Each structure stands twice: as C-alpha cells, then as structure tokens.
Amino acid sequence: MTTPLLKIEDLWLKRNGREILRGVNLEVYPGQVHVLLGLNGSGKSSLAYAIMGCEGYTPDSGRILFDGRDLAGLSITERARLGITLAWQEPARFEGIPIGKYVSLGQKQPDREQVIAALEAVSLPAKYYGYRPADKTLSGGERKRVELAAVYVMRPRLAILDEPDSGIDVLSIGDIAMLIRRMALQGSAVLLITHRDEIVETADTASLMCAGAVIFTGGAIEARRYFATRCMPHLETLGAQPWDLSKPEVQAALASNGDQRLQKDS
Amino acid sequence: MTVAAERKHALGQRPGWAEEMAAMLDAYQQAGGDPSALQRPEIATLVVSANQVLAAHEIPGVHFEAEPLEHGVQARIRVDPGVKVERPVHLCFGVIPAEGIQEILAEYEIGDGAEAQFLAHCSFPNAIKVQHRMQARMHIGKNARLTYTEEHYHGQSGGVEVLPHAEVIVEDGGRFLTTFSLTRGRVGRLELDYVVDVGAGAVAELTTKAYGTGDDRVTVKETVRLNGEKARGLTRTRVAVRDSAHSSVFTTMEGNAPDARGHMDCTEVVRDAALATNTPVVVVRNDQAQVTHEAAIGTVNRKELESLLARGLDEDEAVDLIIRGMIR
C-alpha cells in the first residue's frame, strides 16, 4: 500500500464544552473509497468539518496531515486549493446561482462538457437542470446530487462525502455508487460517510466511529457486519447519545465496552 | 389608436429626434433592455426621454396616451378587457443629460380577464444630478394578470434620486407580480414606496432587489393589504449594501379577511461599514387570516460561504457570488 494521502493523528476536538472527537486516528489512501460508519452523533460529520477546516471545528490537539503536510492554520480555501473538498450532508441552497454554474465552480479550467457529463452521471439531465437555480425549489435528493456532481467535476485529491446517498431514491443509488467508484478510479481518495449497504459494499476500507473515536478499521463488509450486529455495547451501557463524556463511568464504559471488545474479537 | 400613438410619426420629424432616440436606445441597453425589441411592430412600446415621448407604438388591445409635463410625462396605459398580450409591453424611461428631473405620472388599467407582461427599463447613464419621480396608479381588473418588471441603471456617479411610488389595486381573482431591480452601477438614493390592495382570491407578489455601494441610500417601503377572502400576498426583498451604504426596509402585510395568507421574506447582506435595518409590520384583523415573516440581516450565510470556499473560491469571490445570485 502507498503512503496515506490523509493521515489523522490523535485528533481531539471540543465544542460547547463537550468532547466531540476523542483521539481520532485514521488513514485514507489515494484511489480508495474509505467508508466511515457510526451511529448518529458519533463524530463522523465533525471529523469531516475538521478536515475541511470549517469554522468552529479547529482541533484542540492532534494533527491532520494531507500528503505529509500539516493542515493546521490553513483556511478552507487553502485546503480546497490543495485538493480537498467536502459534500455537505445538508447542502446549502443558493438563490440565483444556476446549477450549471455551481457545479463548474471547482473546475481549474472551464469545461462545459464535463459539467454536463457530471450532471448526467447523477441523473440530472443538464438541459432541465443546468439553468435552474440551486435553491429551495430543489428537493433534498436533487440538491444532494448537484453537490456530488460539483465534487466530481472538481476532481479533488480528497473528496469527503457526508451521506451523499441519504434522501436519494432507490433507482439513483446505483448511479451514485458508480460515480463514487469513478472518483476513486480517477485517483481521488474518497472519505465516505454513509449508512447504505449498497454504497458500503463499493468501499475498499471502512472505519467505525463511536463516541468520537475510531474504534475499528478494516474491510468494508467486516466493519458493516460488526456495526449492524454487534456494535451495541455503548448503547446498552450508556443509553442513547449524547453522553456526558466528563463522567468517569461513561469514560470507563467506553474504554471497556468499545475498544477492548474489538481487540478481543479481532 | 389614440392621439399620442398617431403622433409617433410626427415625433419622428422633430429636429434631434433621431439622436435622442439613439441615445435612449443605448441607455435602454445599459439598463438591461434589448433595443431591437423597441423596433418590432408586434411589440407595444413607449419611450420617454425626460419630458419627451419619443415613441408610442400600440398594438391591438394595448393603448398609450401620453402628454408632456414641465418635468416629465403623464401617461395612461390600458390593456383592454380579455386581451392576452402575447409579447411583453416595453416601456423605456430615462434622462440622458447629466442633470435633470423626470416626473412620470402613470396610470395603468388592466381590464378584467386581461393578461399582460410589462418590461420597464429606467436608465440615467450619465447622471450627476438627476431626480426621477414615478407616481403610478395601477388597476388590475377581475381575474386579470399583470407581471411588471422594472430594471434601473443609474450610472456610476451615485447622483440619481429615484422615488417610485405606486398605488395598486388587484381586483378579485387578479394577479399582480412585480419585480423592481437596481443591481448594476450605483443606486444613488432610492425611495420605493408601494401600497397594494388585494381582493378576494387575488394574488400580489412584490420582489425588490438592490445593491448599494459608496454612500448610496436604499429605502424600501411596501404595504400589502389582503382585503379579500383567500387573498395571497408575498414580499421578497433582497438588498446588499457595502462601503458606507445604508438600506432600510419597511414591509407591512395586513391580513384583513378570512383565509388571507401573507408572507414577508427579507434578506439584507451587509459588508464593510454599511448599515441595514428591517422593520416588518404584521397586522391581522381577521381570526382566519395568517401572516408570517422571515428576515436575515447581516453577513452572508456561513454554510453557503463555506460551501463555495470548499470549491476553492476565496472569501471575496464567494461573497460576491452569493450577493450576485441573491439580487439576480
């Protein structure tokens, strides 16, 4: 295996007094789809925002290395110009910005044909959608597909996709999976947050996040199986999230029920 | 055919007419209009430069009566009942010299069941000290539909004062959709003041867009009174101000009848040392009516901004794109 494009080392992040990320370690390689699994609130999206450099998601400690370079202190724009981009779970709506224009924004050289092809690839015919605004008139699923097309056109070195498949109709899921695979074939590293089995199965690697930490990394199917059938200890012990991580009993339960059990299983 | 329309040919003989018309066509283009549309016989057209009617071209069902005043024009524009005007009626108002006053007293009568779209362009491309006053009364008949789009261009000096005032009555079942746009060049001083009375089952939608820079002053006052049962009203105000420009938006929506529904939606983006205020007033006089409002004043939406930054735009480029989209 080559050197990782993205390497996260012991990343900690606190927001509003709560620890959101608790010592995340993760490696993502070029040309691979790396799925991030985990319950709602386990820190997946926060990790995505921290990598992208979003406001309020500056790590308290740890490092995010991209192609060996520490991203600390770099703005979102600077990270994007290094080749990192993010498709938001709930993409923003833009009044008056046509979809074709929005999709083309990340292109280094304007290429209309590429924009058309990207829209077609997410089942949005350019002749119907190219001039429509990327605003509130789009359904959630349509807006997500626009976001994915915009990321695809950018040909990023690292594409972080936060649940690009939620709200997408069943008939289009195959197209989405194929597009994600194509990104990897073009050499992009894809960090993919998803809950859909059809998408997980296309991944090369998967990590499971729980309570702000990556507790397992391995094959996608293996991780999915663990997540679906046995990843319950924290819930059983602590109930539904959010947990008060400052309490010693919570920390103890996380330590004993999570990591240790995984070590035992593996 | 009215007197004014018959006069068109005679106007063409006036010394200097061709030069003035050419200047107005240039100004019209600067305001976003298509000058070729003003010369097509199937398109109704009214062109007014300062207090001179340069062209008044009628088509069947659309009538113009226009008389010069000392500082402007008094115009009556009628669409006959039941007439569906296929192509937009083009109106062009402007002042070519650097200084001047233009006062337009306009009366619009859209007959019952008629449908028309008006494109008005107001251009003051060379203005250093120009005042443009519009006092309009619009009557949209029963089940009639008027779409009125007004675009302004005030040049780059900021020396224009524009005071568009309109009183609009939308009769039962009628629809009045209007967009006022002043988003290129400087604003100068804008004081827009519209009052709309909406009848039963009728609809009024008012969209206002302005982009103030320098020391521009933008004031938008809109009042929509939903007087009839099931009347519908919407105001959409989009203003961006930067440098030391000020914007003040006052919108009032009254729900005065059963099942009347109104909504006010205002976004004002503020940059640099600019200032924006928003004063929505909700009045409900009927317990079956409902009026809602939403407003976002200040910086651009953070999520929108970060989405564009993540595509590699810098912050200035991203903010400009968001603003341009908003006022597009």
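Here the structure is shown first, and the text comes after it.
Counting restarts for each chain: residues are numbered from 1 in the order of the written sequence. Chain labels run from A onward and ligand labels from 1 onward, assigned in the order the entries are written. For this predicted model, a pLDDT threshold of at least 70 governs which residues receive local features, and a threshold of 80 or more governs which side-chain atom pairs are given and counted, while totals over whole chains, interfaces and linings are taken from all residues.

> What am I meant to see in the pairing of strand E2 (residues 18-28) of chain A here?
A regular strand places its side chains on the two faces of the sheet in alternate fashion. In this structure, strand E1 (residues 6-15) of chain A lies alongside E2 of chain A, joined through eight bridges in antiparallel fashion. In the strand pairing of E2 of chain A, leucine 11 of chain A is matched with valine 24 of chain A. Strands are labelled as partners when DSSP assigns at least two bridges between them. The numbering of helices and of strands both runs from the N terminus, where a helix is a DSSP run of H or I of at least 4 residues and a strand a run of E of at least 2.

> I tried to follow the environment of alanine 149 of chain A on my own but got confused; where do I start?
Residue and element names in this part refer to chain A. Tracing the chain through its elements places alanine 149 in helix H6 (residues 140-154). In this structure, the C-alpha to C-alpha distance between alanine 149 and glutamate 120, residues 29 residues apart in sequence, is 8.8 Å. Placing a C-beta atom from the backbone of each residue, one calls two residues in contact when those atoms lie within 7 Å. Apart from residues lying up to four places away in sequence, alanine 149 is in contact with Val103, Ala118, Leu119, Ala121, Val122 and Leu124.

> I'm lost on the interface of chain B and chain A in this one. Help?
Accessible area lost upon the coming together of the parts serves often as the stated size of an interface. Counting residues at the interface gives 18 residues for chain B, matched by 20 residues for chain A. Only helix H4 (302-309) and helix H5 (315-326) of chain B provide two or more residues apiece to the side of chain B that touches chain A. In terms of residue count, the dominant contributor to the side of chain B that touches chain A is H4 of chain B (seven residues). Classification used: nonpolar for Ala, Val, Leu, Ile, Met, Phe, Trp, Tyr, Cys and Pro, charged for Asp, Glu, Lys and Arg, polar for all others including Gly. Split by residue class, the side of chain B that touches chain A holds seven nonpolar, four polar and seven charged.

> What is the right way to read the packing of helix H4 (residues 112-121) of chain A against H6 of chain A from this model?
Axes are the key here: two packed helices are described by the angle between their axes and the distance separating the axes. Residue and element names in this part refer to chain A. H6 packs onto H4 with a crossing angle of 135° between their chain directions and a minimal axis gap of 9 Å. Judged on the interaxial angle alone, H6 and H4 are oblique. Both H4 and H6 take part in a crossing whose hand is right-handed. Contact with H4, carried on its side by Gln114, Val115, Ala118, Leu119 and Ala121, involves Ala149, Tyr152 and Val153 of H6 and no other residues of that element. Its residues assigned to classes, the contact of H4 with H6 shows seven nonpolar, one polar and no charged. Note on method: axes are straight lines fitted to C-alpha atoms, helices fitted across the in-contact stretch only, with angles between N-to-C directions ranging 0 to 180 degrees. An angle below 35 degrees is treated as roughly parallel, one above 145 as roughly antiparallel, one from 65 to 115 as roughly perpendicular, and anything else as oblique. We call a crossing left-handed when the near helix sits turned anticlockwise from the far one by less than a right angle, and right-handed when that turn is clockwise.

> When you look at the sheet that holds strand E5 (residues 69-70) of chain A in this model, what are you seeing that I'm missing?
The strands that make up a sheet are held in pairs by hydrogen bonds between backbone atoms, and each pair lies either parallel or antiparallel. Residues and elements named next belong to chain A. In space, the four strands of this open sheet follow the order E2-E1-E4-E5, with antiparallel pairing throughout. Edge strands, defined here as strands with exactly one partner in the open sheet, are E2 and E5. Here strand E4 (residues 61-66) runs beside E5; their pairing, made up of two bridges, is antiparallel. Residue pairing across strands places leucine 65 opposite aspartate 70, the latter belonging to E5. In the packing of helix H1 (residues 44-52) onto the sheet, the strands contacted are E1, E2 and E4, and the crossing angle to E2 comes to about 70°.

> Help me out: how do you make sense of unusual backbone geometry in this one?
For residues that are not glycine, phi is negative in most cases, and the peptide bond is trans in most cases. Residues and elements named next belong to chain A. Backbone geometry places aspartate 67, a non-glycine residue, at a positive phi of 55°. Tracing the backbone through its elements, the reader meets aspartate 67 in the loop between E4 and E5. Its identity is not glycine, yet alanine 211 carries a phi of approximately 50°, on the positive side. Locating alanine 211 in the fold gives a position in the loop between strand E9 (205-210) and strand E10 (213-218). Given 26 C-beta atoms within a 10 Å radius, alanine 211 is considered buried. To sort residues by exposure, count the other C-beta atoms lying within 10 Å of each residue's C-beta; 20 or more gives buried, 12 or fewer gives exposed, and values between give partly exposed, all with C-beta atoms placed from the backbone.

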